[in-house]
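Inside the fold
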Amino acid sequence: MRKILMTQAMTENGISRFDGLYDENGFPVTAELEKNEDGVVFTLLHKELTEAEKQAVCDEYDDCAGCPIRGICAKDLGSDNLF
């Protein structure tokens, strides 16, 4: 894993977005840093996976027990009873 260090000074209200980042499971995320009158908010947004990306993840696991997208599949199928 590469570590990227970056600094940015936000002197006015606004939003900065950082793409090209990945979570602990290797899924793409966008980081947002928003500054407004109330303070600063940091948010990580997961990109919605395509069906092909979901299938590629599922193909790596024998069952749903250890799969990192188990919750996504359960939501798509409308069931919490995945293996």
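Residues numbered from 1 in each chain as written. Predicted model: local features only at pLDDT ≥ 70, side-chain atom pairs only at ≥ 80, totals over all residues. Heavy atoms only, no water.

Re the environment of aspartate 19
With respect to the helices and strands, aspartate 19 occurs in strand E1 (residues 14–22). On the basis of relative accessible area, aspartate 19 is assigned to the exposed category, the value being 57%. Here the alpha-carbon distance between aspartate 19 and threonine 30, two residues 11 residues apart in the chain, equals 4.9 Å. Dropping the residues within four chain positions of it, aspartate 19 is found in contact with Val29 and Thr30. For aspartate 19, the side chain forms a polar contact with the side chain of threonine 30, separated by 2.7 Å. (Helix = DSSP H or I, 4+ residues; strand = E, 2+ residues; numbered from the N terminus. Buried < 20%, exposed > 50% of the residue type's maximum accessible area, 1.4 Å probe, protein only. Contact = heavy atoms within 4.5 Å. Polar contact = N/O pair within 3.5 Å; in protein donor to acceptor, adjacent residues only side chain to side chain.)

Here's the deal with the pattern of salt bridges
A complete count under the given rule lists 3 salt bridges for this structure. For the salt bridge of arginine 17 with glutamate 32, the shortest nitrogen-to-oxygen distance reads 2.8 Å. With arginine 17 in strand E1 and glutamate 32 in strand E2 (residues 28–36), the pair connects residues that are 15 residues apart, well separated along the chain. (Salt bridge = Lys/Arg side-chain N within 4 Å of Asp/Glu carboxyl O.)

A look at the sheet that holds E1
Sheet architecture is open: 3 strands sit in the order E1-E2-E3, paired in antiparallel fashion. The open sheet terminates on both sides in strands that have one partner only, identified here as E1 and strand E3 (39–46). Adjacent strand axes in the sheet meet at a mean angle of 15° when their direction is disregarded. For E2 and E3, the ladder comprises 8 bridges, and the chain directions are antiparallel. Bridge assignment links leucine 33 to a residue of E3, and that residue is phenylalanine 42. (Pairing = 2+ DSSP bridges. Axes fitted to C-alpha atoms, helices over the stretch in contact; angles between N-to-C directions.)

Some words on the pairing of E2
Here 7 bridges tie E1 to E2, and the two strands are oriented antiparallel to one another. Note that in E2 the partner of serine 16 across the bridge is leucine 33. In sequence, E2 turns back onto E3 through a hairpin of 2 residues.

Regarding the nonpolar core
Counting residues in each nonpolar core, the largest one holds 6 residues, listed as Phe27, Leu49, Val57, Cys67, Ile69 and Cys73. For isoleucine 69, the residues in contact, after removing those within four places along its chain, are Phe27, Leu49, Lys54, Val57 and Cys58. (Core = buried A, V, L, I, M, F, W, Y, C linked by side-chain atoms within 4.5 Å.)

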